[in-house]
Amino acid sequence: MIRPSAEQESAMSELIAESLEYLADTDLDVYQRVFDAFYRESPAAENLMLHMDELTKGRMLEEVTRLLMSVDVELEAAYLDFELRNHEQAYGVERHMYRQLFNAFAAVVRDLAGDRWTPEYEQVWHSRIDELSSAMEAA
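Please read these numbers as outputs of a predicted model, since none were measured by experiment. (Residues numbered from 1 in each chain as written. Predicted model: local features only at pLDDT ≥ 70, side-chain atom pairs only at ≥ 80, totals over all residues. Heavy atoms only, no water.)

K.L.:
Teacher, can you tell me more about the layout of surface pockets here?
P.N.:
Space left empty within the atom packing is revealed by a probe, the size of a water molecule, rolled over the atoms. Approximately 530 Å³ is the volume attributed to the largest pocket. Lining the largest pocket are 24 residues; nearest its centre among them are M52, M60, E83, H87 and Y98. For the lining of the largest pocket, the element with the highest residue contribution is helix 4 (residues 54–68), accounting for 6 residues. When grouped by side-chain class, the residues that make up the lining of the largest pocket number 17 nonpolar, 3 polar and 4 charged. (1 Å grid on protein atoms, 1.4 Å probe; cavity = no way out; pocket = protein on both sides within 12 Å on 5 of 7 lines; lining within 4 Å. Points joined across faces, edges and corners; volume = space filled by probe spheres on them. Helix = DSSP H or I, 4+ residues; strand = E, 2+ residues; numbered from the N terminus. Nonpolar A, V, L, I, M, F, W, Y, C, P; charged D, E, K, R; others polar.)

K.L.:
Even after reading the chapter, I still don't get the side chain of S19, so can you show me in this structure?
P.N.:
With respect to the helices, strands and loops of the structure, S19 is situated in helix 1 (residues 6–20). Classification of S19 as buried rests on a relative accessible area of 0%. Separated by 2.8 Å, the side chain of S19 and the backbone oxygen of I16 make a polar contact. Among the polar contacts listed, one links the side chain of S19 to the side chain of W125, at a separation of 2.8 Å. (Buried < 20%, exposed > 50% of the residue type's maximum accessible area, 1.4 Å probe, protein only. Polar contact = N/O pair within 3.5 Å; in protein donor to acceptor, adjacent residues only side chain to side chain.)

Have a look at this one:
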């Protein structure tokens, strides 16, 4: 995968942030919708997360949001390495589950944005998920 330039990273982050603004228009429990979509995609992940309380799940999705909006994914390498090693060894998390979580998050945002969702949003989310997933696979 070709690493995006700093300008491209910044533009990606801005578009993702813009698309996330549509979440403010809803009274729905967005995080629960993300987890529901994630568990449909990965029932094994649901079993791994049974012990987690809502506060911990919320912090997890806050961190996912931060990663999605990162202006330099390469700078996240040390964090991603720690995250992967810790969760694989301590909890049995499988690396493909991260991509499934990112995809579930994107699907919920897309659904809530409705007709405001643009091809640019689709492309930037796809690119960022690929970039993060590649970084995680390389960690």
